[in-house]
Amino acid sequence: MVNKIVVAGVASLAINVGVQDPTRITREGPWYPRWLESGVGGAGGHIATILSGLGDDVSLCTVVGGDRTGALIRRELDDRNLNGPEVVEGASSALAVVLVAPSGDRVVYSHMTSIAAVQYPVETFQDAVRGADLAVLTSTDFTRPLLPAAVLQGVPIAVDVNVIADIDDDRYGPWLEVADIVFCSHERLPCPAEEWIAQVFRRYPGCLLTAVSRGGRGCLLGLRDGRLVQADAVAPLGVCNTSSAGDSLFASFLHSWLATGNPVEALSDAVVYAGWRIGHRFPSGVLLGEADLANLRSRNPVRVKLSRWDRTQPAPASP
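Caption draft 1: Region of interest: the packing of helix α9 (residues 263–277) against helix α10 (residues 290–299). Where α9 meets α10, the axes come as close as 10 Å, and the angle between the chain directions of the two elements is 90 degrees. The orientation of α9 relative to α10 falls into the category roughly perpendicular. Residues E265, S268, D269, V272, Y273 and W276 of α9 form the contact with α10, whose own contacting residues are L293, L296 and R297. Class assignment for the residues of the contact of α9 with α10 results in 5 nonpolar, 1 polar and 3 charged.

This is the structure in structure tokens:
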């Protein structure tokens, strides 16, 4: 069965540049990048292309400018069968420059001021999400007014709040309040991932699954029934560029979870997909099909550890 998934988020033109040190760019010259690649980026673009590549029926709700940058974005979305009526025109397009070190570490400079101010047509989103199996709403400003429409349609909602640092952060509250599935990065968490997962479940009783991506340490997934699943990282091709690793983990988990109903198996698929993708110089330009992912996982077994999160502690105080 093909799953119908609606993704709402930014699709940008991303330029990835190989540098020696992404935190230190000087005027001393001449300065030559180690390599340079470009293509569709942004959380919405990454998630939609990954899900589409895995065989899902994906509608991408995004904003693309009527400028030359927008023409490039639309051309690539056309190639992925994602340039549907849900891609609406804005004043200008989102751009990003990603500086990538030899280690694969990256620094991202995003420019999406015009996108942040856009009022995405709610009616367009309502039409797209009607009858969907899942709505994926990234935590960017223009998706905030779309949350009630997904709730009213009774569609499960998945969100990735990225580098969140405060469970009561007002910037993320509207998404967390309605999410069935929550992913985030470990990078700025104020506590261990196990404790964070327990806090999410206590603070947001509607959440069913929550996960913390931990880079080279893999991913920790919590289930509301108290189970914790730790899947260790794998990197079949080594590490070249960690850009979009979190989006890859998130999207491939969602696909496998919908396909199998088994969150443990889905997490193993996800760490394999993300680990494979970061082995490429430009991860946004490579995709796996469902059969490719199954073959890759068979050759790269994932070590999984099961435990439980602490359900005895009181819930954090409400703001």
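On we go from here.
Caption draft 2: Main features of the packing of aromatic side chains. Inspection of every chain in the model, using the stated rule, returns 5 aromatic pairs. Note on Y273 and W276: the rings are 6.0 Å apart at their centroids and 80 degrees apart in plane angle, and the pair reads as edge-to-face. Of this pair, Y273 and W276 both sit in helix α9, 3 residues apart, roughly one helical turn. Each member of the pair, Y273 as well as W276, carries the same accessibility label: buried.

Caption draft 3: Examining the environment of V64 more closely. When you line up the elements, V64 lands in strand β4 (residues 57–65). Along the chain, V64 and N241 lie 177 residues apart, while their C-alpha atoms are 26 Å from each other. Excluding residues within four positions of it along the chain, V64 makes contact with G70, I73, R74, V87, V88, E89, G90 and S93.

Caption draft 4: The arrangement of the nonpolar core in detail. Counting 50 residues, the largest nonpolar core has V7, V136, L221, F253 and L254 as the members making the most contacts within it. With 9 residues, the top contributor of residues to this core is α9. Dropping the residues within four chain positions of it, V136 is found in contact with I5, V6, V7, A8, I47, A158, F250 and L254. Core analysis: the second largest hydrophobic core is formed by 46 residues, F142, I157, W175 and I197 among them.

Caption draft 5: Inspection of unusual backbone geometry at higher detail. Positive phi outside glycine occurs at N81, with the angle close to 60 degrees. Relative to the assigned elements, N81 resides in the loop between α2 (68–79) and β5 (87–90). Here N162, not a glycine, exhibits a phi torsion of approximately 55 degrees, which is positive. Relative to the helices and strands, N162 is located in the loop between β9 (157–160) and α6 (173–178).

What counts and what doesn't
- Residues numbered from 1 in each chain as written.
- Predicted model: local features only at pLDDT ≥ 70, side-chain atom pairs only at ≥ 80, totals over all residues.
- Heavy atoms only, no water.
- Axes fitted to C-alpha atoms, helices over the stretch in contact; angles between N-to-C directions.
- Helix = DSSP H or I, 4+ residues; strand = E, 2+ residues; numbered from the N terminus.
- Parallel < 35°, antiparallel > 145°, perpendicular 65-115°, else oblique.
- Contact = heavy atoms within 4.5 Å.
- Nonpolar A, V, L, I, M, F, W, Y, C, P; charged D, E, K, R; others polar.
- Phe/Tyr/Trp six-rings, centres within 6.5 Å; stacked < 30°, edge-to-face > 60°.
- Buried < 20%, exposed > 50% of the residue type's maximum accessible area, 1.4 Å probe, protein only.
- Core = buried A, V, L, I, M, F, W, Y, C linked by side-chain atoms within 4.5 Å.

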